[in-house]
Amino acid sequence: MANKFQSIETKHYAEREAFFEGLKKLDRRAFMRVAGISAGIVAGMGKLTPNSFQLVNVADAQGEKPKFSFAYISDTHLYENKLNDRFVRAILKAVDDVNALDPQPDFVLFGGDLAQLGQAGELKLGAQILKSVKAPIKMMVGEHDWFLDMGELWRDLFGAPNYSFDHKGVHFVVLNSIHEKDFWTERKLSPMERMKIVAGLDNGIQSRFEVGAEQRQWLQNDLAKVAKNTPLIVFSHSPLYKYYKPWNFWTDDADEVQAILKPYEKVTVIHGHTHQLLSNHIGNISFHGMLSTAWPWPYAPEGLPTLTVPMNRADPFSQFDGCGDGRMDVLESGLVDKLYNLWQRDPITVRASYLGSSGKQSAPPKPKLPTY
């Protein structure tokens, strides 16, 4: 089916392919000049001697100490090995990272988009790789996992896409935030046509993401038994705020979900999908975006939360730059210090005190180069 809308993912790969095709036409002297510039950028960003993310002390804000920690891996976008092993190598790197943590996290959150096109080979490959994680795994679904078969295989492999659990005095909620209104039935689209449109994000045919009325009611029922002073940590794939609608960095009913969470004193939302360091604070809710292991998205041209200190522009010569995994330290207060383990860069911590003070305390380091 012809599609006049070109996704940002398609544009990203087209621009990258054109860049490398251009490199093939350089003579030796010109190539060495470009390579020298790239090396200088890397050195200027301080990325030649990165630190291990478990060496950074993230527990010294206002004397608060972590009560427990959990790690995360997100947005792996796996193809089957025979098609593309690049993203497979990236998830294996992330698994090695979290398995090397000492002490081990209490659990590991997988933040969604395990697969690229929701195919059985992709999802089963991801499930097999994640079995090698030493800590228990908590799974969250993304749109790339869902819209080929509307979550049928996901449920078989991992169980319900929304659920809750309690751990060491904190109530955790996992939401399926990537529901969309039906755009496919009237158009008589095949499952793969539907999947590719959703994967495109900005093609203009699909609706925006939503948690949906049924799941919002489920959330209200789930929280009815939770005391208002119990810390809440909510996992959603799409951000539970409205960032940039044209790219579907957006959840249509985010305001309604925030209203359900408003009565609780300490709420943290951890989301994937955007493939970038993102920080936000709305009312009583702190928001942290997760990194991807596959690729970093550029920041949107508008709508960036004001508390976000953006990452440096990624090095186009490096597969892993701008990607990564990380850890969340749940403090005695129930709030969260978020550690971004940026591969080939020093780690960055976004503290609960930074978000809670509206940026007046514990600010993360500013980027040394233009962001993207």
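Residues numbered from 1 in each chain as written. Predicted model: local features only at pLDDT ≥ 70, side-chain atom pairs only at ≥ 80, totals over all residues. Heavy atoms only, no water.

Glancing now at the confidence of the model for the protein chain. Per-residue confidence for the protein chain averages 87 on the pLDDT scale, and 83% of its residues sit at or above 70. Every residue in residues 31–51 is under pLDDT 50, and counting partners more than four places away or in other chains gives 30 contacts. Within the model, the stretch residues 55–63 combines pLDDT values under 50 with 20 contacts to residues more than four positions away or in other chains. (pLDDT = per-residue confidence, 0-100. Contact = heavy atoms within 4.5 Å.)

Let us now look at the nonpolar core. Residues Phe70, Leu114, Phe172, Leu223, Ile233, Phe235 and Leu261 are the most contacted members of the largest nonpolar core, which totals 98 residues. Sorting elements by how many residues they give to this core places helix H3 (residues 86–99) first, with 7 residues. Once residues within four sequence positions are removed from consideration, Phe70 is found in contact with Pro105, Phe107, Phe172, Ile233, Phe235, Arg327, Met328 and Val330. (Core = buried A, V, L, I, M, F, W, Y, C linked by side-chain atoms within 4.5 Å. Buried < 20%, exposed > 50% of the residue type's maximum accessible area, 1.4 Å probe, protein only. Helix = DSSP H or I, 4+ residues; strand = E, 2+ residues; numbered from the N terminus.)

What follows is about unusual backbone geometry. Looking along the chain, the bond that leaves Asp102 and enters Pro103 is cis, with omega of 5 degrees. Along the polypeptide, Pro103 turns up in the loop between H3 and strand E2 (108–110). For Asp75, which is not glycine, the phi torsion reads 50 degrees and is therefore positive. Tracing the chain through its elements places Asp75 in the loop between strand E1 (66–73) and H3. A relative accessible area of 0% places Asp75 in the buried class.

Throughout the structure, instances matching the rule amount to 20 aromatic pairs. Where Phe68 meets Phe172, the ring centres are 6.3 Å apart and the plane angle is 55 degrees; that geometry is what we call tilted. Placement of the pair is Phe68 in strand E1 and Phe172 in strand E5 (residues 170–174), with a sequence separation of 104 residues. For Phe68, a relative accessible area of 4% puts it in the buried group. Residue class for Phe172 comes out buried when judged on its relative accessible area of 0%. Seen from their ring centres, Phe107 and Phe165 are 5.7 Å apart, and the 85 degrees between their planes marks the pair as edge-to-face. Remark: Phe165 occurs in strand E4 (residues 163–167) and Phe107 occurs in the loop between H3 and E2; sequence separation between them is 58 residues. On the basis of relative accessible area, Phe107 is assigned to the buried category, the value being 2%. Members of the aromatic cluster, joined through ring pairs, are Phe68, Phe70, Phe107, Tyr163, Phe165, Phe172 and Phe235. (Phe/Tyr/Trp six-rings, centres within 6.5 Å; stacked < 30°, edge-to-face > 60°.)

Before going further, it helps to spend a moment on the packing of helix H8 (residues 213–223) against helix H9 (residues 254–261). Two packed helices can be described by the angle between their axes and the distance between those axes. Two numbers describe how H8 lies on H9: the axes approach to 10 Å, and their chain directions differ by 10 degrees. What the angle tells us is that H8 and H9 run roughly parallel. Together, Arg216, Leu219, Gln220 and Leu223 of H8 and Glu256, Val257, Ile260 and Leu261 of H9 make up the contact between the two elements. Across the contact of H8 with H9, the residue classes tally to 5 nonpolar, 1 polar and 2 charged. (Axes fitted to C-alpha atoms, helices over the stretch in contact; angles between N-to-C directions. Parallel < 35°, antiparallel > 145°, perpendicular 65-115°, else oblique. Nonpolar A, V, L, I, M, F, W, Y, C, P; charged D, E, K, R; others polar.)

This paragraph deals with the sheet that holds strand E6 (residues 232–236). Taken together, 6 strands build an open sheet; the order of strands is E4-E5-E6-E7-E9-E8 and the sheet is mixed. Two strands bound the open sheet, and with one partner strand each, they are E4 and strand E8 (279–282). Between one strand and the next, the sheet's axes are offset by a mean angle of 20 degrees, whatever the strand orientation. Most of the contacts of H8 go to E5, to which it runs at about 165 degrees, and overall it touches E4, E5 and E6. Contacts between H9 and the sheet are confined to E6, strand E7 (267–271), E8 and strand E9 (285–289), with E9 contributing the most and set at about 130 degrees to the helix. (Pairing = 2+ DSSP bridges.)

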